[in-house]
Amino acid sequence: MAPAGLNNQRVKVVYIAGYGRSGTTLLSIALEQHSAIFSAGEIHELTRHAWTENTFCSCGEHLQACAFWAGVMQRWLPPEQVEFLGAYVSAQKRFEPMAYSRVGVRESEAFGDFAVTTAALLREIASAAGKNVIVDSSKMPGRAWALAQMDLIDLYVIHLVRDGRGVAWSLSKSYARDVKAGLQREIKPKSALRTSLRWSMVNLAAEGLRRVVGMERYLRVRYEDFVAEPLPVMTKIGEMIGVDLTASGAQLAAGEGMRAGHQIAGNRLRLNPSIKLEVDQSWRSEMPAAKRRLFETSSGWLLNRYDYS
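Overview of the structure. (Residues numbered from 1 in each chain as written. Predicted model: local features only at pLDDT ≥ 70, side-chain atom pairs only at ≥ 80, totals over all residues. Heavy atoms only, no water.)

**Looking at helix α1 (residues 24–32)**
Point 1. With nine of nine residues buried, α1 lies mostly within the body of the structure.
Point 2. Residues Thr 24, Thr 25, Leu 26, Leu 27, Ser 28, Ile 29, Ala 30, Leu 31 and Glu 32 constitute the buried set of α1. (Buried < 20%, exposed > 50% of the residue type's maximum accessible area, 1.4 Å probe, protein only. Helix = DSSP H or I, 4+ residues; strand = E, 2+ residues; numbered from the N terminus.)

**Notes on the packing of aromatic side chains**
Point 1. With the rule as written, the count across this model stands at ten aromatic pairs.
Point 2. Three or more aromatic residues joined by ring pairs make a cluster, and in this case those are Trp 76, Phe 84, Tyr 88, Phe 95, Phe 111 and Phe 114.
Point 3. In this structure, Arg 217 is placed above the aromatic ring of Tyr 156, and the distance from its NZ or CZ to the ring centre is 4.3 Å. (Phe/Tyr/Trp six-rings, centres within 6.5 Å; stacked < 30°, edge-to-face > 60°. Lys NZ or Arg CZ within 6 Å of the ring centre and 35° of its normal.)

**Some points on the sheet that holds strand β4 (residues 153–161)**
Point 1. Spatially, five strands are ordered β2-β3-β1-β4-β5 in an open sheet, and the strand pairing comes out parallel. The open sheet is flanked by β2 (37–41) and β5 (218–222), the only strands paired with a single partner. Sheet twist, expressed as the mean angle between neighbouring strand axes with direction ignored, is 25 degrees.
Point 2. Taken together, the five bridges between β4 and β5 define a ladder with parallel strand orientation. Bridged to Ile 158 within β5 is Leu 219.
Point 3. Where helix α8 (residues 192–213) meets the sheet, it contacts β1 (11–17), β4 and β5, and its direction lies at approximately 145 degrees from that of β4.
Point 4. Strands β1, β2, β4 and β5 of the sheet are contacted by helix α10 (residues 230–241), whose axis makes an angle of about 170 degrees with β5. (Pairing = 2+ DSSP bridges. Axes fitted to C-alpha atoms, helices over the stretch in contact; angles between N-to-C directions. Contact = heavy atoms within 4.5 Å.)

Any functional reading would require information beyond the geometric quantities listed.
Take a look at the structure:
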């Protein structure tokens with residue numbers, strides 16, 4: 001794996017960590033409404049499958065036909081791109097999982113190569129966007145941990161959490177594969193117990209990032225608070241990352257629509273021409289009582305910790 005575009009310029013990255021169906025795509029689109037911020041979507045998916053499978057960018061083009069992403073990848077990938085991507089994805093699978101052993105990884109030569117190559121990709125994205133801040137909504141806490149170990153990455157973490165019962169209800173539904181609608185593969189229903197265990201595990205791992213990046217670079221945000229009152233949430237995020245987001249928050253509070261620029265993967269809403277903040281609390285009236293009790297019995301302690309009654 002030979003890194004491209006090597007230099008010593010640090011890249012400012014805002015990483016949104018959390019569990020799926022928690023609003024990470026929505027928050028990343030909201031942040032992008034500021035002129036200094038570019039939200040790339042789930043960047044880890046770019047190299048894992050999105051580029052080779054030529055999935056859709058939020059602009060409506062396939063990635064390989066999108067002028068933005070085609071330009072980024074042309075500059076980042078070396079001529080032997082198949083071998084390069086294979087080696088890079090292998091490194092992702094090694095260094096990004098939550099369960100990966102962290103002892104001595106920062107000093108290893110393999111991680112050093114991975115860090116330089118990753119920074120080069122993020123630098124190409126920032127350069128192409130002409131923005132000072134990149135938002136990565138890849139969600140996985142393990143990836144955030146890896147980014148935090150990279151000297152060329154200036155990392156901030158937003159831990160986005162949603163009431164797990166809403167997450168479980170959303171994941172209990174099935175969706176057929178619809179590439180044009182942003183669904184690259186069939187989504188099968190997940191049980192409430194499975195979601196409960198994974199929701200707890202991922203959010204606890206995301207909490208642990210506070211110790212990795214430091215208190216001043218970590219902010220926990222509840223999805224419900226963000227959607228109901230975006231101005232104070234956006235203001236707090238802006239204070240942490242050093243960007244004044246009060247105007248953006250006020251626009252969201254006024255009900256103004258948003259549009260994604262060039263986002264990879266994530267919720268299919270990114271393909272909509274106009275996106276507005278809307279609280280999804282359908283689980284309260286539609287989720288069967290037995291499934292709610294199962295989730296509350298398994299993860300009620302963490303629901304209470306996040307002030308979900």
